[in-house]
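# Examination of the molecular architecture
Residue strings, one per chain:
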Amino acid sequence: MSVFRVYAIRYAEREGRRGQHFHGYDDRWDEPHPTAYYVWLAVSESHTVLIDSGIRPERAAGIAGMTYLASPAQTLAEMGVDPASVDHVVLTHLHYDHTGTARDFDRARYVLQRSELDYWTGPWAERITREQWLLDRNDVDHLLEAGEDGRLLLVDGDVELLPGLSVHLVGGHTAGMQVVRIATARGDVVVASDASHYYENIREDRPFAILHSMTGMYAAFDRINKLAGGPELILPGHDPEVLAVHPSFSEALTGRVAVIA
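Residues numbered from 1 in each chain as written. Predicted model: local features only at pLDDT ≥ 70, side-chain atom pairs only at ≥ 80, totals over all residues. Heavy atoms only, no water.

### Details of the pattern of salt bridges
In this structure the tally under the stated criterion is eight salt bridges. With a closest N to O distance of 3.6 Å, E58 and R56 form a salt bridge. For E58, a relative accessible area of 58% corresponds to the exposed category. We note a salt bridge from D136 to R59, for which the minimum N-O separation is 3.9 Å. Remark: R59 occurs in helix 1 (residues 57-60) and D136 occurs in the loop between helix 5 (123-127) and helix 6 (137-148); sequence separation between them is 77 residues. Within this structure, R56, E58, R59 and D136 form a network of salt bridges that share partners. (Salt bridge = Lys/Arg side-chain N within 4 Å of Asp/Glu carboxyl O. Buried < 20%, exposed > 50% of the residue type's maximum accessible area, 1.4 Å probe, protein only. Helix = DSSP H or I, 4+ residues; strand = E, 2+ residues; numbered from the N terminus.)

As structure tokens, then:
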């Protein structure tokens, strides 16, 4: 089994409120609660895998309170990683802040749960109009075009994608939400992505405000805890604390890239 090195890459940040990030009301709902936006990089001797691809800079420019730091491809280059070397882009789900720059990695194979694509291209998503803002149709069209070229791998459930790296269907946040387990020298890292936006979601058993299935989110928390080598090896999707609890990649990239394992 291969051992990977894993990095969390913050490409944007946004000021938010606590009530936006937890399901249900509490008396702290209006407290400031910042959001970090990440992609993740897993590198072994044989493979370079990007997990999620962030927001397109053009879309980020129209989001109130958002500061866009650098595109994922630009940050990889600053880390000394050629974006063209990325051979797989695992998309945890199809929300716009996870699919936006996938086209920047045009040599990679995209990996997505079939149930996620089926949901967003089927009849239900069109009828649930309150969800439409979460999807970028241009991104989905790009993935479908890549599929015609043999560059879209649709998986069903849990799959070992590469030696030492597997994807796991958990649902909850979206119909086909998947997490990624990665073998590292520190143990099994799990990129929870939006299956747990913040450490607090999973630690306090409190789902995020946007969800497909409440019971699915609780089940996802349980699955993540079982898959990870320990709570310190779980990577939530939007928590600024990730950069505080893990060392920086370099002085120049402090606050943007953390070394997980």
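### Describing the sheet that holds strand 12 (residues 234-236)
Reading across from one edge, 8-9-10-11-12 is the order of the five strands in this open sheet, with mixed pairing throughout. In this open sheet, the two edge strands, each paired with only one partner strand, are strand 8 (159-162) and strand 12. Across this sheet, the average inter-strand angle for adjacent strands is 25 degrees, counted without regard to direction. Relative to strand 11 (residues 187-193), strand 10 (residues 178-184) is paired through five bridges, and the arrangement is antiparallel. Each bridged residue has a counterpart across the sheet, and for V180 the counterpart in strand 11 is V191. (Pairing = 2+ DSSP bridges. Axes fitted to C-alpha atoms, helices over the stretch in contact; angles between N-to-C directions.)

### Things to note about the packing of aromatic side chains
Applying the stated criterion across every chain yields a total of eight aromatic pairs. Pairwise contacts between aromatic rings join Y11, Y37 and Y68 into one cluster. A cation over a ring is seen here: R59 above Y96, with NZ or CZ 3.9 Å from the ring centre. (Phe/Tyr/Trp six-rings, centres within 6.5 Å; stacked < 30°, edge-to-face > 60°. Lys NZ or Arg CZ within 6 Å of the ring centre and 35° of its normal.)

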